Each structure stands twice: as structure tokens, then as C-alpha cells.
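Analysis of the macromolecular model
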Amino acid sequence: MAKKQLIVGLGNIGAEYADTRHNIGFMVADELAKQAGATFSTLRYAYYTEYSYRGNHVHVIKPTTYMNLSGKAVNYWMHELKIPLENILVIVDEIALPFGKLRLRAKGSSAGHNGLKSIEALCGGQAYPRLRFGVGDNFPKGRQVDYVLSGFDDDELMELPQLINRSVELVHSFIHIGIERTMNLFNT
């Protein structure tokens, strides 16, 4: 039976944020749309697109509310599309993971991430899947904000397309075979 799923790529709108570590969710969402031949439209609280994948209805948003208010967009689209929390996959940057490490979880804490805190507060808790994309923690104490709002290093940029493609594979696996089997395949 066909399922409806909402894929949420977190990031900030605006050219100054475009290629920053904090916008990896937007980058993965862009690649999902590109591979599906779909294009984003500017709708309420988000850039929105949809496509079909192996008989499933896939809805993709990039919130236009800025990172710290991501929950406003997710809550709106979750209700608008009538998609349960467990069918929402949030793609987010993660400083607690080394660069390029992907970690899929069925639920969990925000780990201090403001985008996830907002989703937790406005969407009914922590019981939603999330794909954490490791961006590393190579910053001096107290400089976390500067780090996540900076661009990737040259050596990271060379690896980024392959890692984004791996993230797209993971998202499609989540859509097709579900969270548990996908975690077994991709979490190493």
C-alpha cells in the first residue's frame, strides 16, 4: 500500500547561508528533487516539491522560516498533508559526528540543535525519524555558530557530492523499506 512521507531538509534561506554546514539538509533535499526531476515551489513556510518513488508519495520541504523556527513549517505541512510524525524524516547537520558520517535514528533528543528543538516543541515530541549528517567539530570553544555557518573545507567539498548521494540513497531506502531495515543497512 502506498505511503505518504514528508522529507524535511533543514537549513537557512538566503545566499549567505547557501553552502554552509548548517544547510546540508537543504543540499540533500535539492539532490532528492534533482534526481526525481522535481522542482521546488515557494509555498507557505517552505520551498515544496513532491514526487513518486516506488509507489510512495514523497513530499519534500525546505523550511523558509530559518533554522530556529523549523517546527513552524514542519507542523504546518504535517497537518496540511495529514502525515503522521513517524513518516517524517528530518535531515540535519550534526557536529557530534565526524564529517561525512551518516546516522539514522527513529527518534531522539535535539542534542542542542535549534532546528530540532523547534520541531520537538511544535510537532509533538521526539518520536520522528532524523538523518544526522556529520559536519565535524573542528572549531575552538565558543565558536560553534561561526563553524556551522561557514563553508566546507576544500577536502570536504571534494567528498560532498558522494556523501549527498549516499544520503539520497538512505532517504529512498527509508521511503521504500522503512526505518528499521534502513538503519540496519546504513548505520555502521
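Overview of the structure.

**Brief notes about the sheet that holds strand β6 (residues 102–105)**
Taken together, the 7 strands give an open sheet; going across it, the order is β2-β3-β4-β1-β5-β7-β6, and neighbouring strands pair in mixed fashion. The open sheet has two edge strands, β2 (41–43) and β6, and neither has a second partner. Ignoring strand direction, the axes of neighbouring strands in this sheet form an average angle of 25°. The pairing of strand β1 (residues 4–9) with strand β4 (residues 56–63) spans 5 bridges and is parallel. What sits directly across from Q5, in β4, is V58. In the packing of helix α1 (residues 24–36) onto the sheet, contacts are made with β1, β3 (46–53), β4, β5 (88–94) and β7 (130–134), and the angle to β4 comes to roughly 140°.

**Topic: the packing of aromatic side chains**
One pass over the full model with this rule turns up 6 aromatic pairs. Look at Y17 and Y66: their rings are 6.3 Å apart centre to centre, the planes differ by 75°, and that puts the pair in the edge-to-face class. Of this pair, Y17 sits in the loop between β1 and α1 while Y66 is found in the loop between β4 and α2 (70–81), placing the two residues 49 residues apart along the sequence. Its relative accessible area of 39% is what places Y66 among the partly exposed residues. With centroids separated by 4.7 Å and ring planes inclined at 15°, the aromatic side chains of Y48 and W77 adopt a geometry described as stacked. Taken together, the residues span a long stretch of sequence, with Y48 in strand β3 and W77 in helix α2 at a distance of 29 residues. Given a relative accessible area of 9%, Y48 falls into the buried group.

**Considering the layout of surface pockets**
Each pocket or cavity is described by its volume, and for the largest pocket that value is around 360 Å³. If you trace the largest pocket, you find 18 residues lining it, with H22, H113, N114, Q144 and V148 closest to the centre. Contributions of two or more residues to the lining of the largest pocket are made by β5 and α4 (144–148). The element that contributes the greatest number of residues to the lining of the largest pocket is α4, accounting for 3 residues. When its residues are assigned to classes, the lining of the largest pocket shows 8 nonpolar, 8 polar and 2 charged.

**Observations concerning the side chain of N12**
Looking at where N12 falls in the secondary structure, it is placed in the loop between β1 and α1. In this structure the side chain of N12 is engaged in a polar contact, spanning 2.7 Å, whose partner is the backbone nitrogen of M67. Residue contacts for N12: discarding those within four places in its chain leaves Y17, H22, N23, F26, Y66, M67 and L149.

**Here's the deal with the environment of R166**
Considering the arrangement of structural elements, one finds R166 in helix α5 (residues 154–177). Distance in space between the C-alpha atoms of R166 and I61 is 19 Å, their sequence separation being 105 residues. Beyond its immediate sequence surroundings of up to four residues, R166 is in contact with L102, L185 and F186.

**Focus: the pairing of β5**
When you tally the buried positions in β5, you get 7 out of 7 residues, the bulk of the element. Residue alternation in β5 divides its side chains into two sets, I88, V90, V92 and E94 and L89, I91 and D93, and both sets are buried. Judged from the 4 bridges that link them, β1 and β5 form a sheet pairing that is parallel. Paired with G9 across the two strands is I91, which belongs to β5. Alignment of β5 against β7, held across 5 bridges, turns out to be parallel.

**Some thoughts on the side chain of R130**
Structurally, R130 can be placed in strand β7. The side chain of R130 is buried and forms no salt bridge, while E120, the nearest opposite charge, is found at 5.5 Å. Within the structure, the side chain of R130 is placed 3.2 Å from the backbone oxygen of G108, a separation counted as a polar contact. A polar contact of 3.0 Å, which involves the side chain of R130, links it to the backbone oxygen of Y128. Non-local contacts of R130, meaning those with residues more than four positions away in its chain, are made with L89, V90, R103, L104, R105, K107, G108, S109 and L116.

Calculation criteria
- Residues numbered from 1 in each chain as written.
- Predicted model: local features only at pLDDT ≥ 70, side-chain atom pairs only at ≥ 80, totals over all residues.
- Heavy atoms only, no water.
- Pairing = 2+ DSSP bridges.
- Helix = DSSP H or I, 4+ residues; strand = E, 2+ residues; numbered from the N terminus.
- Axes fitted to C-alpha atoms, helices over the stretch in contact; angles between N-to-C directions.
- Contact = heavy atoms within 4.5 Å.
- Phe/Tyr/Trp six-rings, centres within 6.5 Å; stacked < 30°, edge-to-face > 60°.
- Buried < 20%, exposed > 50% of the residue type's maximum accessible area, 1.4 Å probe, protein only.
- 1 Å grid on protein atoms, 1.4 Å probe; cavity = no way out; pocket = protein on both sides within 12 Å on 5 of 7 lines; lining within 4 Å.
- Points joined across faces, edges and corners; volume = space filled by probe spheres on them.
- Nonpolar A, V, L, I, M, F, W, Y, C, P; charged D, E, K, R; others polar.
- Polar contact = N/O pair within 3.5 Å; in protein donor to acceptor, adjacent residues only side chain to side chain.
- Lys, Arg positive; Asp, Glu negative; His and termini not counted.
- Salt bridge = Lys/Arg side-chain N within 4 Å of Asp/Glu carboxyl O.

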